[in-house]
Amino acid sequence: DQQVKQNSPSLSVQEGRISILNCDYTNSMFDYFLWYKKYPAEGPTFLISISSIKDKNEDGRFTVFLNKSAKHLSLHIVPSQPGDSAVYFCAAPGGSYIPTFGRGTSLIVHP
Amino acid sequence: ETGVTQSPTHLIKTRGQQVTLRCSSQSGHNTVSWYQQALGQGPQFIFQYYREEENGRGNFPPRFSGLQFPNYSSELNVNALELDDSALYLCASSPDRPTANEKLFFGSGTQLSVL
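To start, this report covers the structure provided alongside it.

1. Concerning the packing of aromatic side chains
(1) Moving on: Counted under the stated rule, the structure contains 11 aromatic pairs over all chains.
(2) Moving on: Ring centres of Tyr36 of chain A and Phe101 of chain A lie 5.5 Å apart, and the angle between their planes is 50°; this geometry places the pair in the tilted category. Highlighted residues: Tyr36 of chain A in strand 4 (residues 32-38) and Phe101 of chain A in strand 10 (residues 99-101), separated in sequence by 65 residues.
(3) Moving on: Classification of Tyr36 of chain A by relative accessible area gives buried; the value is 1%.
(4) Moving on: Ring geometry for Tyr35 of chain B versus Phe106 of chain B: centroids 5.9 Å apart, planes at 55°, classification tilted. In this pair, Tyr35 of chain B is assigned in strand 4 (residues 31-37) and Phe106 of chain B in strand 10 (residues 105-106), connecting sequence segments 71 residues apart.
(5) Moving on: Classification of Tyr35 of chain B as buried rests on a relative accessible area of 0%.

2. Observations concerning empty space enclosed by the protein
(1) Moving on: With the rule as written, the count across this model stands at 1 cavity of 30 Å³ or more.
(2) Moving on: Empty space within the largest cavity amounts to approximately 50 Å³.
(3) Moving on: As for the largest cavity, its lining consists of Tyr97 and Pro99 of chain A together with Thr31, Gln48, Ser94, Pro98, Thr99, Glu102 and Leu104 of chain B.
(4) Moving on: In the lining of the largest cavity, the residues fall into 4 nonpolar, 4 polar and 1 charged.

3. Overview of the sheet that holds strand 3 (residues 19-24) of chain B
Residues and elements named next belong to chain B.
(1) Moving on: With antiparallel pairing, 4 strands are arranged side by side in an open sheet as 1-3-8-7. Each having just a single partner strand, strand 1 (5-7) and strand 7 (64-68) make up the two edges of the open sheet. Within the sheet, the average angular offset between the axes of one strand and its neighbour, ignoring direction, is 15°.

4. Some remarks on the pairing of strand 8 (residues 73-78) of chain B
All names here are of chain B.
(1) Moving on: Among the 6 residues in strand 8, 6 count as buried, and that is most of the element.
(2) Moving on: Neither face of strand 8 is open: one carries Ser73, Glu75 and Asn77, the other Ser74, Leu76 and Val78, and all of them are buried.
(3) Moving on: Summarising the sheet, strand 7 and strand 8 pair through 5 bridges and their orientation is antiparallel. Along strand 8, the bridge assignment pairs Gln68 with Ser74.
(4) Moving on: Between strand 7 and strand 8, which pair antiparallel in sequence order, lie 4 residues; one of them, Tyr72, sits at a positive phi of approximately 70°.

5. Some points on the pairing of strand 3 of chain B
Residue and element names in this part refer to chain B.
(1) Moving on: Because side chains alternate across strand 3, one face comprises the buried residues Val19, Leu21 and Cys23, and the other comprises Thr20, Arg22 and Ser24, none of which is buried.
(2) Moving on: Note: strand 1 against strand 3, 3 bridges, orientation antiparallel. From the neighbouring strand, Thr5 faces strand 3, where its bridge partner is Ser24.
(3) Moving on: Bridge count for strand 3 against strand 8 is 6 bridges, and the pairing is antiparallel. Bridging across to strand 8, Thr20 finds its partner in Asn77.

6. A short note on the sheet that holds strand 3 (residues 19-25) of chain A
Pairing between the strands of a sheet comes from backbone hydrogen bonds, and it takes one of two forms, parallel or antiparallel.
Residue and element names in this part refer to chain A.
(1) Moving on: Taken in spatial order, the 5 strands line up as 1-3-8-7-6 in an open sheet, and their pairing is antiparallel. A single partner strand is all that each edge strand has here, and the edge strands are strand 1 (4-5) and strand 6 (56-59).
(2) Moving on: The pairing of strand 6 with strand 7 (residues 62-67) spans 4 bridges and is antiparallel. Its bridge partner being in strand 7, Lys56 is matched across the sheet by Phe65.

What counts, and where the lines are drawn
- Residues numbered from 1 in each chain as written.
- Chains lettered and ligands numbered in written order.
- Predicted model: local features only at pLDDT ≥ 70, side-chain atom pairs only at ≥ 80, totals over all residues.
- Heavy atoms only, no water.
- Phe/Tyr/Trp six-rings, centres within 6.5 Å; stacked < 30°, edge-to-face > 60°.
- Helix = DSSP H or I, 4+ residues; strand = E, 2+ residues; numbered from the N terminus.
- Buried < 20%, exposed > 50% of the residue type's maximum accessible area, 1.4 Å probe, protein only.
- 1 Å grid on protein atoms, 1.4 Å probe; cavity = no way out; pocket = protein on both sides within 12 Å on 5 of 7 lines; lining within 4 Å.
- Points joined across faces, edges and corners; volume = space filled by probe spheres on them.
- Nonpolar A, V, L, I, M, F, W, Y, C, P; charged D, E, K, R; others polar.
- Pairing = 2+ DSSP bridges.
- Axes fitted to C-alpha atoms, helices over the stretch in contact; angles between N-to-C directions.

In C-alpha cells, the structure reads:
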C-alpha cells in the first residue's frame with residue numbers, strides 16, 4: 001500500500017522568495033511522483049512530475065527534488081508569485097498504479 | 001477538445017437519500033476515476049473504470065457504486081447518504097490503462113452537502 005504525507009498544511013511566502021513544499025511516501029515500488037495544483041472552485045491540475053531515474057526535474061520556476069533513500073520529495077518554486085497561491089498535492093502511484101494523494105499544502109504568496 | 005465536466009456543481013441532500021453524480025470525460029479517455037475530497041484532506045480514491053469495467057476500488061462501502069458508459073461519460077451513485085459523505089467529489093480521466101506516470105485530468109467537482 002502507498003501512503004503519502006504532506007505534514008505542512010499551510011505555507012506563507014513573500015512574493016519573489018522561494019517556496020518549498022515537502023512530501024514523504026512509504027512505498028518505493030513505483031518511484032514516480034506527481035504534483036498537482038488546485039485553485040478554489042477548480043479541479044486539481046497536473047504541475048510537474050519526477051521519476052526514480054532522476055533526482056531533480058525542472059520546469060520553469062518549478063523544480064522537484066527526489067531523495068529516494070529518505071523517501072522524500074520537495075517542490076521548489078522560485079521566484080514565488082501571487083498567482084502561485086493554491087493548494088499543492090503530492091501524488092504517488094500505489095497498487096494498480098492508482099495514485100494516492102497527500103492532504104495538500106495551502107500556499108499563500110503575499111505581494 | 002473539451003475537458004472533464006461534472007454535474008451538478010453543488011447539491012444538498014438529506015441523510016438516507018440517494019444521489020447520482022455525473023461526469024463527462026475528456027474525449028478519447030478510456031479511464032475514469034472518482035475521488036472524494038473531504039474538507040482539509042487530499043482526494044481519496046473511490047474507484048476506477050477502464051473501458052466500462054471496474055479496474056480498482058478504494059476503501060469505500062458498497063453503497064458507493066459507479067458506471068462508465070461507451071460515450072466517455074460516467075456516474076457515481078451513493079445510497080443511504082450519511083453526514084460524513086459531505087465532501088467534494090472529483091472525477092478524473094486519463095487516456096489509457098493506468099501507468100505509474102499517468103497524469104489525471106480532473107473536473108471541477110461536485111460539492112455535496114448532506115444535512
